[in-house]
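# Fold and contact review
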Amino acid sequence: VQLQASGGGSVQAGGSLRLSCTASGRTSSSYVMGWFRRSPGNERDFVAGIVSISGNTRYADSVKGRFTISRDNAKKTMYLQMDNLEPGDTAVYYCALDLSGGYGVRLTSQAYRYWGKGTQVTVSS
């Protein structure tokens, strides 16, 4: 399984970006896709996740009300709409895939077996 992320860039505070992540290869029908981010000097932190079948979502408190995660199962693609961006959102964003199923959206990076290359998001004040 491979994950390809795209959509990063540079915006001013208050702006918007949309990230995409597409999975290729063999996956189960039930999986969880998630977004994590890492800023310099920090750990890789959970941002948002979505369950493929149910569409159930989970967000980090810091992005609730500003970010929206969605998916297109036919395309095996996940999106992260990021609105009202803040300088604190600046980070490298990674998409990840959890094929274990049955656990819902988990918050720890160790739960995700497959990772895409990161995409840089820079928000200037």
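This text gives an overview of the structure that appears in the document. It should be emphasised that the depicted structure is a prediction, and the values quoted were computed from it without experimental measurement.

A word on the side chain of serine 39. Mapping serine 39 onto the fold places it in the loop between β4 (32-38) and β5 (45-51). Among the polar contacts made by the side chain of serine 39, one reaches the side chain of asparagine 42 at a distance of 2.6 Å. Residues within four places of serine 39 in sequence aside, it is in contact with Thr90 and Ala91.

The element β4 is extensively covered by neighbouring structure, given that six of its seven residues are classed as buried. As paired strands, β4 and β5 are joined by six bridges and run antiparallel to one another. Looking at the pairing, methionine 33 lines up with isoleucine 50 of β5. Once β4 ends, the chain turns through six residues before running back antiparallel as β5, passing glycine 41 with a positive phi of about 85°. Bridge count for β4 against strand β9 (residues 91-98) is seven bridges, and the pairing is antiparallel. Residue pairing for β9: valine 32 is matched across the bridge by aspartate 98.

What counts, and at which threshold
- Residues numbered from 1 in each chain as written.
- Predicted model: local features only at pLDDT ≥ 70, side-chain atom pairs only at ≥ 80, totals over all residues.
- Heavy atoms only, no water.
- Helix = DSSP H or I, 4+ residues; strand = E, 2+ residues; numbered from the N terminus.
- Polar contact = N/O pair within 3.5 Å; in protein donor to acceptor, adjacent residues only side chain to side chain.
- Contact = heavy atoms within 4.5 Å.
- Buried < 20%, exposed > 50% of the residue type's maximum accessible area, 1.4 Å probe, protein only.
- Pairing = 2+ DSSP bridges.

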